Every structure is written in C-alpha cells, then in structure tokens.
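Survey of secondary and tertiary structure
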Amino acid sequence: MKKWMNWLMLTVLLFVPLFGATASAKGATVYEVPLNQNVEKGLYAFLQRSFEEAERAGAERIIIRMDTPGGFTDSAEKIGQLFRNTEQEIIVYIEDNAISAGAFIALNADEIYMTPQGKMGAAQVIQGDGNAAGDKAESAWNAAMINAAKSSKHKRDPIYAEAMSNPEIDLPKYRAPVGKLLTLTAEEAKQVGYAEGVFDNYDALLNYLNIDSSSIIQTDPTFTEQLARFITDPVIVPILLSIAGLGLVVELYSPGFGVAGTMGLASIALFFFGHLVAGLAGYETLLIFLLGLGLVIAELFVAGGILGVSGAVLIGLSIIMAGQDPMQMTIAVLIALAVIILGVIILMKFFGKRLHLLNKMVLMDSTSTDQGYVSNENRTELIDQVGKTLTPLRPAGVVSLNGERLDVVSDGSYIDKGVQVKVIEVEGSKIVVTEATE
C-alpha cells in the first residue's frame with residue numbers, strides 16, 4: 001500500500017509541471033489592439049503606446065484586429081518596423097480589409113488569419129491627387145512589399161506581395177493580369193501561404209490559438225488620441241483652417257473680442273494640438289507659427305508691408321510643415337485662403353463692414369461734401385456780376401466787386417488795370433472773369 005502511494009505521488013509530481021505549463025499558456029496575457037482606421041502617424045503613435053504597455057505587462061502575444069482601407073506608406077513602413085522590432089508574437093486577424101498599406105502591415109506580422117470575407121492586397125502607391133506615384137516611389141514601395149513577405153517567419157512567396165503593388169506582374173489565375181493589382185480573398189490567401197487560417201469569427205480564432213478570453217487585455221485609443229486622429233483627417237484639416245481664418249477675420253471687423261475670435265483661436269489651437277499629439281508636428285512648427293503671427297501683428301503698427309508678408313509666409317509654412325503630406329497640406333491652406341477671401345468680400349460688399357481694429361491707427365472718416373464738409377466757400381452768387389480790375393490780369397489779378405477785393409483769373413486774355421470785368425465762372429475758390437462789354 002505504501003509502495004502504491006509512493007508511485008501515485010511520483011506520478012502527480014511528474015505531471016504537475018505539464019499541467020502548470022498548459023495553464024500558464026492558456027492564461028498568458030494577450031493584448032488585443034484594434035487597427036480599423038486609415039493608416040497614418042496617429043495610428044503609429046497609438047500602436048507604439050500599446051506595444052510598450054504589452055511589453056511592460058509581460059504579454060506573450062499581441063493580436064491586431066484589422067480592417068483598414070490603407071493610408072500613408074511612410075506611416076505603414078514605420079508600423080512594419082515596429083512589428084519587426086517587437087519581441088512579442090504579433091498575430092493579425094483581418095476581419096474585412098487589409099488594403100494598400102494595410103496589406104504591407106499585415107505581411108510584417110508573425111501570423112495572419114482572416115475571416116471568410118477578408119481581403120488583402122491592392123497596395124500600389126497613390127499620390128494625393130489620386131494618380132500613381134512616380135517611378136522612384138513605386139520602386140521603393142515594391143521592394144518594401146517584397147521584403148515584408150520574405151522577412152516573415154513563414155517565408156511567404158514574394159511574387160504575390162509584388163503583384164499587390166506592381167500592376168506589371170501577371171497573375172491571371174487570381175484576377176490580376178498585367179495592368180491589374182492583386183487582391184487576395186481569404187481562401188486564396190490561405191492557398192498561397194499568405195494566411196495561416198480562415199475563421200468565421202474572433203472567438204473561433206481564440207479557441208484555435210488556445211487563448212482564454214479572460215487573459216486578453218483590450219487596448220483602445222484614448223480620447224486624446226481619438227481627437228488627434230480626427231483633427232488630422234485630410235477632410236477635417238481644411239475645414240479647421242477655414243474656421244480659424246474666418247473667425248479671426250470676422251473679429252477684425254468687429255468691435256472688441258468676441259465669439260468669432262474665440263472660435264478662430266480655438267480652431268488653430270486644435271489644429272496644432274492634434275498634429276503634435278499625432279506626432280506629425282514638432283514644437284518648432286508651433287514656434288514658427290507664433291513668430292509669423294507676431295510679425296503680422298507688428299505690421300499693424302509698422303508701415304511697409306514687409307513684416308506682414310513675412311509673417312503670412314511663416315504662418316503658411318508652419319501649417320504645411322505640421323502635416324504628413326506637404327502637397328495635401330498646401331491644398332488645405334489654399335482652400336482655407338479661398339474661403340477667407342470670399343468671407344472678406346461678403347463682409348465688405350454685402351454687409352458694409354470695416355476694419356474696427358484699424359480705426360485707432362488709421363483715419364477712417366472722410367470730410368466729404370455729402371457729409372456736410374466743405375474745404376472753402378463756393379461763391380456761386382458772383383456769377384454775372386460786374387467789377388473793376390485793380391491790377392492787370394496776366395491772367396491772375398485782383399478786382400473790386402461790390403466793394404470787395406477778390407483774387408480772380410481771366411478767361412485767358414490779358415486785361416488791363418481799371419477795366420470792367422464780369423464773372424463768368426466760379427469753381428471752389430477759383431473765380432473766372434472776362435472783359436465786360438457795354
């Protein structure tokens with residue numbers, strides 16, 4: 001009996017480590033990170049923070065739940081580098097789309113899984129105007145796609161990655177003859193080795209990977225990160241700049257400082273806040289903007305125009321530098337400038353507004369006749385009256401008229417002293433006479 005008990009204890013001791021290892025793997029910390037928006041630097045900043053948290057927590061795996069239409073290639077390359085430099089195993093689960101930059105990011109993961117409706121590919125470099133990029137950019141991106149496939153621990157066939165970005169690759173079997181980009185369905189991706197499996201839902205994937213849902217830590221963008229990504233959206237940027245410009249311009253046409261000015265300052269502050277948080281801009285861009293703003297304000301007190309023009313150039317340069325794509329930011333600045341000019345025209349043309357800020361520095365009132373101001377007395381009552389020259393008129397001289405000495409000019413002819421003359425025209429202080437006839 002004692003011998004049997006000893007064997008039982010030995011068996012338990014032998015198998016406890018195995019059970020312990022299984023439980024440890026089952027309960028290991030897993031970080032779940034969403035990637036379901038456009039690929040840009042704001043996304044990179046969020047992923048970097050999430051990966052750092054996962055490392056501090058001692059996580060063994062990071063699952064990326066992906067559904068993205070793509071985005072900026074430079075941000076995708078930074079994210080790909082982040083994937084490759086991370087010690088944790090990175091698993092990408094493509095729930096719908098891994099298009100363009102999303103396909104590149106997925107290829108840098110350790111494993112790729114997809115839903116049955118998942119798609120992956122169409123990764124050609126597209127410029128902001130919708131056209132394909134130049135040869136240099138395309139060549140570099142094609143090489144990046146090939147390297148991403150080769151560097152995978154699964155050593156994926158790079159021909160499919162290249163076909164996703166290069167329309168010259170001929171793969172008619174997968175609807176990608178010459179001139180068409182490759183986009184793989186879930187089953188096709190599994191067939192060519194670009195996906196390790198296809199699962200109907202996320203729970204099925206977790207069960208396959210032997211991951212307990214209780215061990216998953218979900219990370220989401222903070223409010224600040226979400227706000228920054230919203231502000232840096234290419235559609236929102238020109239709207240924000242237009243509001244900022246219009247608000248400040250309207251404030252110039254209004255007495256005091258009110259709602260319009262507050263909206264303008266808040267909009268420009270949000271613009272730089274979002275781009276700073278997203279990692280798109282550095283503090284140097286903000287300093288350039290403040291310097292430009294200072295020069296524009298100085299122009300209000302110093303005549304010449306040089307300070308104002310220099311300030312406007314610095315403001316525009318700082319805004320362009322704050323964005324990810326200089327061409328896109330230039331277009332946004334031009335759109336905002338057009339909106340501001342239109343707003344000024346409407347204010348002046350239809351509302352008769354004037355710059356209240358300049359009233360204290362520039363004389364805005366005019367002393368016109370319509371407002372009751374006259375520069376001199378208009379002696380129209382003298383017309384047709386007759387007087388006598390006190391001096392010769394050559395053609396200017398002096399006449400006596402009704403006992404009053406008047407400075408006059410003749411109608412062009414010389415008139416001697418002591419000759420009777422008649423007033424024929426009065427224009428302001430100018431009195432014109434001619435020799436009177438009998």
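Reading the values: the criteria
- Residues numbered from 1 in each chain as written.
- Predicted model: local features only at pLDDT ≥ 70, side-chain atom pairs only at ≥ 80, totals over all residues.
- Heavy atoms only, no water.
- UniProt positions renumbered as here; feature names shortened; annotations may be inferred.
- Pairing = 2+ DSSP bridges.
- Helix = DSSP H or I, 4+ residues; strand = E, 2+ residues; numbered from the N terminus.
- Axes fitted to C-alpha atoms, helices over the stretch in contact; angles between N-to-C directions.
- pLDDT = per-residue confidence, 0-100.
- Contact = heavy atoms within 4.5 Å.
- Core = buried A, V, L, I, M, F, W, Y, C linked by side-chain atoms within 4.5 Å.
- Buried < 20%, exposed > 50% of the residue type's maximum accessible area, 1.4 Å probe, protein only.
- Expected span 1.5 Å × (residues − 1).
- Arc of directions from axis to C-beta.
- Patch = residues over 30% accessible without salt bridge, like charges linked within 9 Å, V, L, I, M, F, W, Y side chains within 5 Å.
- Areas by Shrake-Rupley, 256 points an atom, 1.4 Å probe, with all protein chains shown as cover.
- Salt bridge = Lys/Arg side-chain N within 4 Å of Asp/Glu carboxyl O.
- Right-handed = clockwise from strand over helix to strand, strands pointing away.
- Polar contact = N/O pair within 3.5 Å; in protein donor to acceptor, adjacent residues only side chain to side chain.

- An unreviewed UniProt entry annotates the protein as Nodulation protein NfeD of Savagea faecisuis.
- Recorded under Subcellular location (unreviewed entry), the UniProt text for the protein is reproduced unchanged: "Membrane".

1. Thoughts on the sheet that holds strand S10 (residues 396-401)
- With mixed pairing, the five strands of this closed barrel are ordered in space as S9-S10-S11-S13-S12. Averaged over neighbouring strand pairs, the angle between their axes works out to 55° when direction is ignored.
- The pairing of strand S12 (residues 420-427) with strand S13 (residues 430-435) spans six bridges and is antiparallel. Paired with Val 423 across the two strands is Val 433, which belongs to S13.

2. Quick word on the confidence of the model for the protein
- Per-residue confidence for the protein gives a mean pLDDT of 82, with 83% of residues at or over 70.
- Across residues 1-27 the pLDDT falls below 50, and counting only partners more than four positions away or on other chains, this stretch makes six contacts in the model.
- Ignoring residues within four places in sequence, the model shows residues 356-364, a span with pLDDT below 50, making eleven contacts including any to other chains.

3. Brief notes about the nonpolar core
- Counting 54 residues, the largest nonpolar core has Ile 64, Phe 83, Ile 94, Met 120, Met 164, Leu 182 and Tyr 194 as the members making the most contacts within it.
- Setting aside residues no more than four positions away along its own chain, Ile 94 makes contact with Met 66, Ala 106, Ile 112, Tyr 113, Met 114, Thr 115, Gly 118, Lys 119 and Met 120.
- Counting 16 residues, the second-largest nonpolar core is a separate cluster that includes Leu 240, Ala 244, Ile 268 and Met 329.

4. Brief notes about helix H12 (residues 283-299)
- With 17 residues, H12 should cover 24 Å at 1.5 Å per step; its first-to-last C-alpha distance of 25 Å lies within 8% of that length.
- Considered for burial, the residues of H12 that qualify are Thr 285, Phe 289, Gly 292, Leu 295 and Glu 299. All buried residues of H12 fall inside an arc of 125° around its axis, so they share one side. Across H12 from its buried face, at more than 90 degrees, point the exposed residues Tyr 283 and Leu 287.
- Those residues of H12 hidden inside the fold are in contact with helix H11 (259-277) and helix H13 (306-322).

5. As for a nonpolar patch on the surface
- Taken together, the side chains of Val 235, Ile 239, Ile 243, Val 259 and Met 263 present a nonpolar region at the surface, about 460 Å² in accessible area.
- Contributions of two or more residues to the nonpolar patch are made by helix H10 (236-252) and H11.
- In this structure, Val 235 sits in the loop between helix H9 (223-231) and H10.

6. Digging into the pairing of strand S3 (residues 89-99)
- Among the eleven residues that make up S3, nine are buried, leaving the element largely enclosed by the rest of the structure.
- Both strand S2 (residues 61-68) and S3 contribute to a ladder of seven bridges, which runs parallel. The partner of Ile 62 across the bridge, within S3, is Ile 90.
- Between the parallel pair S2 and S3, the chain is carried across by helix H3 (residues 73-85), and the sense of this crossover is right-handed.
- Strand direction decides the pairing type here: S3 and strand S4 (residues 111-114), joined by four bridges, are parallel. Considered in S4, the bridge of Ile 94 is made with Met 114.
- In the classification by handedness, the crossover that spans S3, the intervening helix H4 (residues 101-107) and the parallel S4 is right-handed.
- Both S3 and strand S5 (residues 119-121) contribute to a ladder of three bridges, which runs parallel. By the bridge assignment for S5, Ala 98 is matched with Met 120.

7. Here's the deal with the side chain of Ser 215
- Within the secondary structure layout, Ser 215 lies in the loop between helix H8 (202-208) and strand S8 (216-218).
- Looking at Ser 215, its side chain comes within polar contact range of the main-chain oxygen of Asp 212, at 2.6 Å.

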